[in-house]
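# What the coordinates show
Single-letter residue listing:
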Amino acid sequence: MSSLLKIKRLTRIPQLVFPSVRAYSDEVHKEIIDKFVKNAPVVVFMKGNPEAPKCGFSNAVVQILRMHEVAYESHDVLADESMRQGIKEYSNWPTVPQVFIKGEFVGGCDIMLQMHQDGELINVLQKAGIQSALLTKAMDEEEKK
Ligand SMILES: N[C@@H](CCC(=O)N[C@@H](CS)C(=O)NCC(=O)O)C(=O)O
Ligand code: FES
């Protein structure tokens, strides 16, 4: 028997245990996205940027927030593939755009459109301490009457 085999038989070499690399990177990634999501009162993950959206769904969200004159931070997922996948895992929502208000996932394009149409967006913004320009205008008009 070769001396190497003898050594192997006689010694129990302890195995090094590494946490799975994927589990580790997922955790780190979640932390990074968590910081982005909570970095501003309103945060939007989209394709392109507010000045030049690169998809109609992202454009719709930009138009809605513009109507309410809401300031927000945006992230272009097309510029960062790990962000594109990471945000979907973070919120457990399969598509982009994604809108967060006060760190809470609110929805994508369809939900934002629905909330805009039924007035719920004004309420959600109000609860987050943000006054929609549409509400300001409505109040101004009410005062004039
Ligand atoms: N119904 C969706 C429309 C958004 C959507 O379908 N997005 C697709 C096409 S832009 C998407 O994000 N696909 C996955 C990807 O591109 O990573 C919504 O309400 O937001
Ligand atoms: S990029 Fe094609 S539908 Fe959004």
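Description of the structure in this document.

Quick notes on the rules
Residues numbered from 1 in each chain as written. Chains lettered and ligands numbered in written order. Predicted model: local features only at pLDDT ≥ 70, side-chain atom pairs only at ≥ 80, totals over all residues. Heavy atoms only, no water. 1 Å grid on protein atoms, 1.4 Å probe; cavity = no way out; pocket = protein on both sides within 12 Å on 5 of 7 lines; lining within 4 Å. Points joined across faces, edges and corners; volume = space filled by probe spheres on them. Helix = DSSP H or I, 4+ residues; strand = E, 2+ residues; numbered from the N terminus. Nonpolar A, V, L, I, M, F, W, Y, C, P; charged D, E, K, R; others polar. Pairing = 2+ DSSP bridges. Axes fitted to C-alpha atoms, helices over the stretch in contact; angles between N-to-C directions. Buried < 20%, exposed > 50% of the residue type's maximum accessible area, 1.4 Å probe, protein only. Contact = heavy atoms within 4.5 Å.

## Details of the layout of surface pockets
Counted as a void, the second largest pocket has a volume near 150 Å³. Taken together, Phe-57, Trp-93, Thr-95, Val-96, Pro-97, Gly-108, Cys-109, Asp-110 and Ile-111 make up the lining of the second largest pocket. Broken down by element, the residue count for the lining of the second largest pocket peaks at three residues, all from helix H5 (residues 109–117). Classifying every residue of the lining of the second largest pocket by side-chain character gives six nonpolar, two polar and one charged.

## Observations regarding the sheet that holds strand E4 (residues 73–76)
Spatial ordering of the open sheet is given by E4-E1-E5-E6, a layout of four strands whose pairing is mixed. The open sheet has two edge strands with one neighbour each: E4 and strand E6 (104–107). Each strand axis lies, on average, 25 degrees off the axis of its neighbour in the sheet, ignoring direction. Alignment of strand E1 (residues 42–46) against E4, held across four bridges, turns out to be parallel.

## Here's the deal with unusual backbone geometry
Each neighbour pair has its own omega, and for Val-96 with Pro-97 the value is 15 degrees, a cis peptide bond. Along the chain, Pro-97 turns up in the loop between helix H4 (81–91) and strand E5 (98–101). If you check the backbone angles, Glu-69 has positive phi at about 55 degrees while not being a glycine. Locating Glu-69 in the fold gives a position in the loop between helix H3 (56–67) and E4. Unlike most non-glycine residues, Lys-102 shows phi in positive territory, near 50 degrees. Checked against the element boundaries, Lys-102 lands in the loop between E5 and E6.

## A word on the side chain of Ser-132
Turning to its location among the elements, Ser-132 is positioned in the loop between helix H6 (120–127) and helix H7 (133–144). Residue Ser-132 is classed as buried on the basis of its relative accessible area of 0%. Ignoring sequence-local partners within four residues, the contact set of Ser-132 consists of His-68, Ile-122 and Leu-125.

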